[in-house]
Amino acid sequence: MRIGKLFDSIRNKTTKNMSEQNINEELENDNLQDNVQDTENNSDQKENETVGKSELEIVKEQLAKEKDQYLRLFAEFDNFKKRTSRERIDTFKTANKEVITSLLPVLDDFGRALNQIQKSEDDTLYQGVELISNKLTETLRAKGLKEMEVKAGDDFNTDFHEAITQIPAPTEDLKGKIVDVVETGYLLNDVVVRYAKVVVGL
């Protein structure tokens, strides 16, 4: 009887220990699974955040690129508009250039005629020709034509003057300067339409 009770006692204890061990193992397994699940969830969350940041950065880069292209295009269009406007103004300024240029020899002829008439001392004829010459000059001046003011002793400037010949300078002061004006130069709205033909001293 005692041996039977002893066996029963051992068996009960063993069963109890095994049950507790099984429970502990199951609890540990559950904890491990929970930890693994949490780790996977955290990993997924981090990956999602990383992917989100990458997409945001890509969108920002694309936006910056598009903005840069837009600004470049806008600047090019603005330059084109300004250039076109400037060209149009220049065209309006010099629209009558060919007509006015063709009348310059007439002005020269009037100047030569007045010089010759002045020598003849015919005041009436001189006044009549001068009146017509002044009327033509004023009409062309109203269209933007302006006579260059060039005289002997002025510095020679290739932007406005054309040297037709060079002669020994009569004085030291005239070396490299204008000695005589052969033909008057003209500007049309500050643009040279005819260079003044001059003689330069050596």
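To keep things clear, this report deals only with the structure shown in the data block. (Residues numbered from 1 in each chain as written. Predicted model: local features only at pLDDT ≥ 70, side-chain atom pairs only at ≥ 80, totals over all residues. Heavy atoms only, no water.)

### Considerations on helix H3 (residues 123–142)
Step number 1: Taking 1.5 Å per residue as the helical rise, H3 with its 20 residues ought to reach 28 Å, and the 28 Å between its terminal C-alpha atoms agrees with that figure.
Step number 2: Of the positions making up H3, those classed as buried are Val129, Ser133, Leu136 and Leu140. Relative to the axis of H3, the buried residues are bounded by an arc of 60 degrees and lie together on one face. The outward face of H3, more than 90 degrees from its buried face, is lined by the exposed residues Asp123, Thr124, Gln127, Leu131, Lys135 and Ala142.
Step number 3: On its buried side, H3 packs onto helix H2 (97–120) and strand S1 (145–147). (Helix = DSSP H or I, 4+ residues; strand = E, 2+ residues; numbered from the N terminus. Expected span 1.5 Å × (residues − 1). Buried < 20%, exposed > 50% of the residue type's maximum accessible area, 1.4 Å probe, protein only. Arc of directions from axis to C-beta. Contact = heavy atoms within 4.5 Å.)

### Notes on unusual backbone geometry
Step number 1: With phi around 60 degrees, glutamate 121 is a residue other than glycine that occupies positive phi space.
Step number 2: Relative to the helices and strands, glutamate 121 is located in the loop between H2 and H3.
Step number 3: At asparagine 189, a position not held by glycine, the phi torsion is positive, near 50 degrees.
Step number 4: Mapping asparagine 189 onto the fold places it in the loop between strand S4 (186–188) and strand S5 (191–194).

### A few points about the pattern of salt bridges
Step number 1: Evaluated as defined, the whole model comprises 11 salt bridges.
Step number 2: Ionic pairing is found between glutamate 183 and arginine 194, a salt bridge with its closest N-O pair at 3.7 Å. With a gap of 11 residues between them, glutamate 183 in strand S3 (residues 178–183) and arginine 194 in strand S5 connect regions that are remote in the sequence.
Step number 3: Put simply, Asp108, Glu183, Arg194 and Lys197 are held in one network by salt bridges that share partners. (Salt bridge = Lys/Arg side-chain N within 4 Å of Asp/Glu carboxyl O.)

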